[in-house]
Amino acid sequence: QVQLEESGGGLVQAGGSLRLRCTGSTRSFGTYALAWFRQAPGKEREFIATTVWRGGENYNEDYEDSFKGRFTIIRDNAKNNLFLQMNSLKPEDTAVYYCAGRHGWSRTASEYGYWGQGTQVTVFS
């Protein structure tokens, strides 16, 4: 199992950038598939991207098409960190952002067993 905690959210002007951080407690952090999701008020939890171990130090990244290009998922296993770099932010990006973990690839929120508490991102224009 892994304990996850997000940080780095806040208030940002449209067009700006934020870098979210997720840190994990387990020594086997690198073996987990890790993902970023977000949830806006009244909306279902939305998949952003995942990074999945494929052996050794090699990982695959998979993005929802609507986020690819603006958002980047970054992994630092040595420090048990997962990041989400968000650029060109829009008011529509306002949501609570979550990191999640599981064993094996998935884009489905209900298939992830480990979650952080979320960090609020608010984008204003």
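Residues numbered from 1 in each chain as written. Predicted model: local features only at pLDDT ≥ 70, side-chain atom pairs only at ≥ 80, totals over all residues. Heavy atoms only, no water.

Asks: Mind laying out the sheet that holds strand β8 (residues 81–86), listing which residues take part and the relevant values?
Replies: Ordered in space as β1-β3-β8-β7, the 4 strands form an open sheet in which the pairing is antiparallel. Only two strands of the sheet have a single partner each, and these edge strands are β1 (4–7) and β7 (71–76). Across the sheet, the mean angle separating the axes of adjacent strands is 20 degrees when strand polarity is ignored. The pairing of strand β3 (residues 18–24) with β8 spans 6 bridges and is classified as antiparallel. Within the sheet, the bridge partner assigned to T23 lies in β8 and is N81. (Pairing = 2+ DSSP bridges. Helix = DSSP H or I, 4+ residues; strand = E, 2+ residues; numbered from the N terminus. Axes fitted to C-alpha atoms, helices over the stretch in contact; angles between N-to-C directions.)

Asks: Account for the nonpolar core, with residues named and values stated.
Replies: The biggest cluster of nonpolar side chains holds 25 residues, and the ones touching the most others in it are W36, I48, F71, L82, L84, M86 and Y97. Counting residues per element, the ones that place at least two in this core are β3, β4 (33–39), β5 (46–55), β7, β8, β9 (95–102) and β11 (119–124). Setting aside residues no more than four positions away along its own chain, L82 makes contact with L20, R21, C22, F29, L34, A35, W36, T51, I73, I74, R75 and C99. Ranked by size, the runner-up nonpolar core spans 5 residues in total, among them A35, F37, F47 and A100. (Core = buried A, V, L, I, M, F, W, Y, C linked by side-chain atoms within 4.5 Å. Buried < 20%, exposed > 50% of the residue type's maximum accessible area, 1.4 Å probe, protein only. Contact = heavy atoms within 4.5 Å.)

Asks: I'd love a proper account of the packing of aromatic side chains, names of residues and values included.
Replies: Pairs of aromatic rings are described using the distance from one ring centre to the other and the angle between the two planes. Applying the stated criterion to the full structure yields 7 aromatic pairs. For the pair F37 and W115, a centre-to-centre distance of 5.1 Å together with 50 degrees between the ring planes defines the contact as tilted. Here W115 lies in strand β10 (residues 114–115) and F37 lies in strand β4, a separation of 78 residues in the sequence. Relative accessible area serves as the criterion here: at 1%, F37 is assigned to the buried category. A relative accessible area of 26% means that W115 is categorised as partly exposed. Judged by centre distance (6.2 Å) and plane angle (65 degrees), the ring pair of Y112 and W115 falls under edge-to-face. Relative accessible area serves as the criterion here: at 4%, Y112 is assigned to the buried category. Cluster of aromatic residues (ring-pair linked, three or more members): F37, F47, Y98, Y112 and W115. Residue placement shows R19 over the ring face of F83; its charged tip is 3.8 Å from the ring centre. (Phe/Tyr/Trp six-rings, centres within 6.5 Å; stacked < 30°, edge-to-face > 60°. Lys NZ or Arg CZ within 6 Å of the ring centre and 35° of its normal.)

Asks: So what's going on with the side chain of R102? Which residues, and what values?
Replies: By the secondary structure assignment, R102 is in strand β9. No salt bridge is formed by the buried R102; the nearest opposite charge belongs to E111, separated by 4.4 Å. A distance of 2.6 Å separates the side chain of R102 from the backbone oxygen of G104, its partner in a polar contact. A polar atom in the side chain of R102 sits 2.8 Å from the backbone oxygen of E111. What R102 contacts, discounting residues up to four positions off in sequence, is Y32, A33, E111, Y112 and G113. (Lys, Arg positive; Asp, Glu negative; His and termini not counted. Salt bridge = Lys/Arg side-chain N within 4 Å of Asp/Glu carboxyl O. Polar contact = N/O pair within 3.5 Å; in protein donor to acceptor, adjacent residues only side chain to side chain.)

Function cannot be read off these values alone, since they describe shape.
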